[in-house]
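Observations on the model geometry
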Amino acid sequence: MLGHEPEGLGFFVTARASSCPMIKPVLQDDEFLADVASSRGDLENLHLWWLGQSGFLVQWHGRHLLLDPYLSDSLTRKYAQTDKPHVRMTERVVAPERLSFIDVSSASHNHTDHLDPDTLHPLWKANPRMELVIPEANREFVINRLGVVAELPYGLDAGTSVELAGFKIHGFPAAHNLPEKDAWGRHKYLGYIIEAGPWVLYHSGDTKLFEGMSDALREWKLDIALLPINGDVPERHVAGNLGGLEAATLAKDAEIRLVIPCHYNMFEFNTASPELFVATAKKLGQPYRLLECGEQWSTAEGF
């Protein structure tokens, strides 16, 4: 297959400065939860759902891993009266406190759309035993932001790994915009490579290309890659990411079986159309899948 196109802390802000209607997730709230529940009995396939921005829910053997979830409106509130308003484009898929079955969550770096207290605190209340995986270099920042004990998060660096709830999670470098390290040489920005049974999934976090990236990824024989496509536009005054052309080309160069784009259609000031990604993937013959927010993809669909 070469392509297919298709309640928080008690409140959720819906007022917007834009006159454009918000994008409604293809599955939301009860319908989304019912879809997740209906897949739990499938022990052969990996299932994932796009939650918006870089957030994904991964299901394997009835266990659940959240990748960089952002399920609040904290950034819209924070930047409402600034010169960088985070006007939301897409409605939330589900309130975090309704996800009462989460085993593990991740944060690839310290930016709030990847490490959001207003998402993680309700998740922990609903899942007291939920594990959190972070870059070890960010431990002090994370425990201060979240108000958790220092020992709670599992800290990784590039080349280290941990196995939690049947998911083996490996740290992989990321460059946002540079591959920054702390005083001990540990990476502040990570991607995660996840082994779930026979399946190997790569969640890049926020990253641009860096030297040796495609060669290193090719060694993993990846089934699926989740890559940002919002690009790097200095006028936005935020760190950049892969653009659509770069994401599709990286997937082809790294011989990834299927690539799914993300990190777009969340905030008006920092988004991009997937058209260039699709056109590049088609030109290169790179299998891809465009998901709508709230939509499921499963290995049962094939590659």
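First things first, this report covers the structure right here in the doc.

Rules used throughout
Residues numbered from 1 in each chain as written. Predicted model: local features only at pLDDT ≥ 70, side-chain atom pairs only at ≥ 80, totals over all residues. Heavy atoms only, no water. Helix = DSSP H or I, 4+ residues; strand = E, 2+ residues; numbered from the N terminus. Buried < 20%, exposed > 50% of the residue type's maximum accessible area, 1.4 Å probe, protein only. Contact = heavy atoms within 4.5 Å. Core = buried A, V, L, I, M, F, W, Y, C linked by side-chain atoms within 4.5 Å. Pairing = 2+ DSSP bridges. Axes fitted to C-alpha atoms, helices over the stretch in contact; angles between N-to-C directions. Polar contact = N/O pair within 3.5 Å; in protein donor to acceptor, adjacent residues only side chain to side chain. Parallel < 35°, antiparallel > 145°, perpendicular 65-115°, else oblique. Left-handed = near helix turned anticlockwise from the far one by under 90°. Nonpolar A, V, L, I, M, F, W, Y, C, P; charged D, E, K, R; others polar. Phe/Tyr/Trp six-rings, centres within 6.5 Å; stacked < 30°, edge-to-face > 60°. Lys NZ or Arg CZ within 6 Å of the ring centre and 35° of its normal.

Right, let's get into the environment of Gly171. Here Gly171 lies in strand E8 (residues 167-173). Owing to a relative accessible area of 8%, Gly171 belongs among the buried residues under this scheme. Between the C-alpha atom of Gly171 and that of Trp199, which follows or precedes it by 28 residues, the distance is 17 Å. Apart from residues lying up to four places away in sequence, Gly171 is in contact with Leu156, Asp157, Ala158, Gly159, Thr160, Leu190, Gly191 and Tyr192.

Another point: the nonpolar core. Grouped together as the largest cluster of nonpolar side chains are 52 residues, with contacts concentrated most on Leu48, Phe56, Ile169, Tyr202, Leu217, Ile260 and Phe277. Here this core gets five residues from one element, more than from any other, and that element is strand E9 (residues 190-196). Residue contacts for Phe277: discarding those within four places in its chain leaves Ile229, Gly244, Ala247, Ala248, Val259, Pro261, Tyr288 and Leu290. Residues Phe32, Leu51, Ile102 and Leu146 belong to the second largest nonpolar core, which totals 26 residues.

For the rest of this paragraph, the subject is the sheet that holds strand E7 (residues 161-164). On the basis of which strands lie adjacent, the open sheet formed by six strands has the order E7-E8-E9-E10-E11-E12 and mixed pairing. A single partner strand is all that each edge strand has here, and the edge strands are E7 and strand E12 (258-262). Strand-to-strand twist across the sheet, computed as the mean angle between neighbouring axes with direction ignored, equals 20°. Of the strand pairs in this sheet, strand E11 (residues 224-228) and E12 are connected by five bridges, and their pairing is parallel. Within the sheet, the bridge partner assigned to Leu226 lies in E12 and is Ile260.

Another aspect to go through is the side chain of Thr207. Along the chain, Thr207 falls in the loop between strand E10 (199-203) and helix H5 (213-218). Side-chain polar atoms of Thr207 contact the backbone nitrogen of Ala175, separated by 2.8 Å. Apart from the residues lying within four places of it in its own chain, the contact partners of Thr207 are Ala174, Ala175, His176, Met213, Pro228, Asn241 and Leu242.

With that settled, the discussion passes to the environment of Leu156. With respect to the element layout, Leu156 can be found in strand E6 (residues 154-156). Given the relative accessible area of 3%, Leu156 is considered buried. On a C-alpha basis, the gap between Leu156 and Leu250 in space is 24 Å, while along the polypeptide they are 94 residues apart. Contact partners of Leu156, with chain neighbours within four places excluded, come to Val133, Ile134, Pro135, Glu136, Ser161, Val162, Ile169, His170, Gly171, Leu190 and Tyr192.

Read across the open sheet, the seven strands follow the order E6-E5-E4-E3-E2-E1-E13; overall the sheet is mixed. Two strands bound the open sheet, and with one partner strand each, they are E6 and strand E13 (296-298). In this sheet, adjacent strand axes meet at a mean angle of 20° when their direction is disregarded. Alignment of strand E4 (residues 104-106) against strand E5 (residues 131-135), held across three bridges, turns out to be parallel. Bridging across to E5, Val104 finds its partner in Glu131. This element, helix H1 (residues 30-38), spans strand E1 (47-52), strand E2 (55-60), strand E3 (63-67) and E13 of the sheet and lies at about 160° to E1.

A few words on the packing of helix H6 (residues 244-253) against helix H7 (residues 275-284). Where H6 contacts H7, the two axes come as close as 7 Å, and the packing angle between them is 30°. Considering their axes alone, H6 and H7 lie roughly parallel with respect to each other. Here H6 and H7 pass one another in a crossing that is right-handed. Across the interface between the two elements, Gly244, Leu245, Ala247, Ala248, Thr249 and Lys252 from H6 touch Leu276, Phe277, Thr280, Ala281 and Leu284 from H7. Partitioning the contact of H6 with H7 into residue classes produces seven nonpolar, three polar and one charged.

With that settled, consider the side chain of His47. When you line up the elements, His47 lands in strand E1. Setting aside chain neighbours within four positions, we find His47 in contact with Ser39, Asp42, Leu57, Val58, Gln59, Gln296, Trp297 and Ser298.

All right, on to the packing of aromatic side chains then. Inspection of every chain in the model, using the stated rule, returns eight aromatic pairs. Taken together, a centroid distance of 6.1 Å and an interplanar angle of 35° make the contact between Trp199 and Phe303 tilted. Here Phe303 lies in the segment after E13 and Trp199 lies in strand E10, a separation of 104 residues in the sequence. The exposure class of Trp199 is buried, given its relative accessible area of 15%. By relative accessible area, which is 22% here, Phe303 ends up partly exposed. An aromatic cluster is defined as three or more aromatic residues linked by ring pairs; in this entry it consists of Phe172, Tyr202 and Phe210. Its end group placed over the ring of Phe101, Arg40 keeps NZ or CZ at 4.5 Å from the ring centre. Seen from the ring of Phe303, Arg257 lies directly overhead, with NZ or CZ sitting 3.9 Å from the centre.

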